[in-house]
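# Chain and residue survey
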2 protein chains.
Amino acid sequence: MPTELSPAPLAEAITAQHTFRNAMAQLAAAVHVVTTDGRGGKAGFAASAVCSVTDSPPTLLVCLNRGSSAWQATTENARVCINTLSAGQQAVSALFGGKTAMTERFAGVEWLERAGKAPALAGAAMSIDCRIVNATTVGSHDVLFCEVDEIIDNQAGSSLLYFNRQYHSL
Amino acid sequence: MPTELSPAPLAEAITAQHTFRNAMAQLAAAVHVVTTDGRGGKAGFAASAVCSVTDSPPTLLVCLNRGSSAWQATTENARVCINTLSAGQQAVSALFGGKTAMTERFAGVEWLERAGKAPALAGAAMSIDCRIVNATTVGSHDVLFCEVDEIIDNQAGSSLLYFNRQYHSL
């Protein structure tokens, strides 16, 4: 007999998700546009769940929804450029965080195209080229462990933040 | 014959770490004090490498240096309270981010003590009780995957941030 989810636990799970999402809206975070290019195709997505893990070897992590339109290309290429947005770049975040087709996402923004590398966003606070060296699946998301190859530091001195469902500048 | 690290790669690794640390200083992040209590003892540490992973099931991750004085207690208890700091709580961050003895860290601050749970910080933006359900070691750090049990949401409406090696309020 197939196991059926009874209504009570389902309602509880939905309430827990709702409470969690409201709480996470209060977790202020920098905004990034993560790009990839290679045999798996060119793609990019907006991400706020990005953090530094260790400096030995220099590694960041990026959380990516397995249902994202950028998931296939990102995991197949196993290379990303993490572009940390500077103040005023909220339009780029909106473009890469919505349902816009992948080609349109890249069309309206200026990039530094570099042979064999993912596009680096012009005017970003910094662009960090990484190899995805490991990944762990947690529920709906993959946590991608990204080892740093090169850092383009534009010394922007400002940061775009997302907090309480709004953009802020610092 | 034992393998010796020649000076050139060592110098390169140090340069890479230095460049990486300077870049990571530009990654603005919310500040948290993560506490634990139980058979492994009471401990706490300041963390900015905390992010939301998935809402199914509600899960955050926390990066913790394996050399931290809080590592043993945290991993043994496998339970944490993630206290997201509100504007003005930089003194608590400094207390839990330095070399202060564990008992002194807890002495100077007001807590909500709750039987069987890690201390929740009074005046935090929110306090999130979690079970550590999984962990991955990456270089010097453990990435702790923390499934949410309960959220105390104090509706602070403000956040303490760390950016360019300084505290900021939002």
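Structure report, in brief. (Residues numbered from 1 in each chain as written. Chains lettered and ligands numbered in written order. Predicted model: local features only at pLDDT ≥ 70, side-chain atom pairs only at ≥ 80, totals over all residues. Heavy atoms only, no water.)

## Some thoughts on the packing of aromatic side chains
The tally for this structure, following the rule as stated, stands at eight aromatic pairs over all chains. Look at B:Phe106 and B:Trp111: their rings are 5.1 Å apart centre to centre, the planes differ by 45°, and that puts the pair in the tilted class. Given a relative accessible area of 10%, B:Phe106 falls into the buried group. By relative accessible area, B:Trp111 is classed as buried at 12%. Each member of the aromatic cluster is reached from another via a ring pair, and the members are A:Phe96, A:Phe106 and A:Trp111. Against the face of A:Phe106 rests A:Lys42, its NZ or CZ located 5.0 Å from the ring centre. (Phe/Tyr/Trp six-rings, centres within 6.5 Å; stacked < 30°, edge-to-face > 60°. Buried < 20%, exposed > 50% of the residue type's maximum accessible area, 1.4 Å probe, protein only. Lys NZ or Arg CZ within 6 Å of the ring centre and 35° of its normal.)

## Things to note about the sheet that holds strand E2 (residues 32–36) of chain B
Residues and elements named next belong to chain B. Here seven strands make up an open sheet; going across it, the order is E3-E2-E6-E9-E10-E5-E4 and the pairing antiparallel. A single partner strand is all that each edge strand has here, and the edge strands are strand E3 (43–47) and strand E4 (50–55). Neighbouring strand axes in the sheet, compared pairwise and without regard to direction, differ in orientation by 35° on average. Relative to strand E5 (residues 58–65), E4 is paired through five bridges, and the arrangement is antiparallel. By the bridge assignment for E5, Cys 51 is matched with Leu 61. Sheet strands in contact with helix H3 (residues 90–97) are E2 and E3, and its direction is about 115° off that of E3. (Pairing = 2+ DSSP bridges. Helix = DSSP H or I, 4+ residues; strand = E, 2+ residues; numbered from the N terminus. Axes fitted to C-alpha atoms, helices over the stretch in contact; angles between N-to-C directions. Contact = heavy atoms within 4.5 Å.)

## Observations regarding unusual backbone geometry
Residues and elements named next belong to chain A. The residue after Ser 56, namely Pro 57, is reached through a cis peptide bond having omega -5°. In the Ramachandran plot, Gln 155 falls in the positive-phi region, its phi being about 50° despite a non-glycine side chain. By the secondary structure assignment, Gln 155 is in the loop between strand E10 (141–153) and strand E11 (160–163). The class of Gln 155 is exposed, set by a relative accessible area of 61%. The backbone of Asn 164 shows a phi angle near 55°, a positive value even though the residue is not glycine. Assignment of secondary structure puts Asn 164 in the loop between E11 and strand E12 (166–169). Among the residues examined, Asn 164 registers a relative accessible area of 34% and is labelled partly exposed.

## Quick notes on the relation of the copies chain B and chain A
For the pair chain B and chain A, the best superposition has an RMSD of 0.0 Å and corresponds to a rotation of 180° with a translation of 0.0 Å parallel to the axis. With respect to symmetry, the two chain copies, as superposed, fit the operation of a two-fold axis. Every residue of chain B has its C-alpha some distance from the rotation axis, and the shortest such distance is that of B:Ala29, at 2.7 Å. Most of the interface of chain B is mirrored in chain A, where 100% of its interface residues are also at the interface. (Least-squares fit on C-alpha atoms with pLDDT ≥ 70 in both.)

## A look at the environment of A:Ala43
Residues and elements named next belong to chain A. Within the secondary structure, Ala 43 is located in strand E3 (residues 43–47). Given a relative accessible area of 2%, Ala 43 falls into the buried group. For the pair Ala 43 and Trp 71, spaced 28 residues apart in sequence, the C-alpha to C-alpha distance is 8.5 Å. Ignoring any residue separated from it by four or fewer positions in sequence, one finds Ala 43 in contact with Val 34, Thr 35, Thr 36, Ala 70, Ala 73, Met 102 and Phe 106.

## Quick notes on the pairing of strand E9 (residues 126–138) of chain B
Residue and element names in this part refer to chain B. Inspection of the sheet shows strand E6 (residues 79–84) paired to E9 by six bridges, in the antiparallel sense. Residue Cys 81 lies in a different strand from E9, and its bridge partner there is Asp 129. One ladder, built from twelve bridges, connects E9 with strand E10 (residues 141–153); its direction is antiparallel. Looking across to E10, one finds that Thr 137 is bridged to Asp 142. Counting the residues in the hairpin turn of E9 and E10 gives two residues, including Gly 139, whose phi is positive at 55°.

## Considerations on the pairing of strand E2 (residues 32–36) of chain A
Residues and elements named next belong to chain A. By the criterion of burial, E2 is predominantly enclosed, with five of the five residues buried. Of the two faces of E2, the one holding His 32, Val 34 and Thr 36 and the one holding Val 33 and Thr 35 are both buried throughout. Both E2 and E3 contribute to a ladder of five bridges, which runs antiparallel. Bridging from a neighbouring strand, Val 33 pairs with Ala 46 of E3. Counted along the chain from E2 to the antiparallel partner E3, the turn is six residues long, and its residue Gly 38 has a positive phi close to 150°. Where E2 and strand E6 (residues 79–84) come together, four bridges link them in antiparallel fashion. By the bridge assignment, Thr 35 is partnered in E6 with Cys 81.

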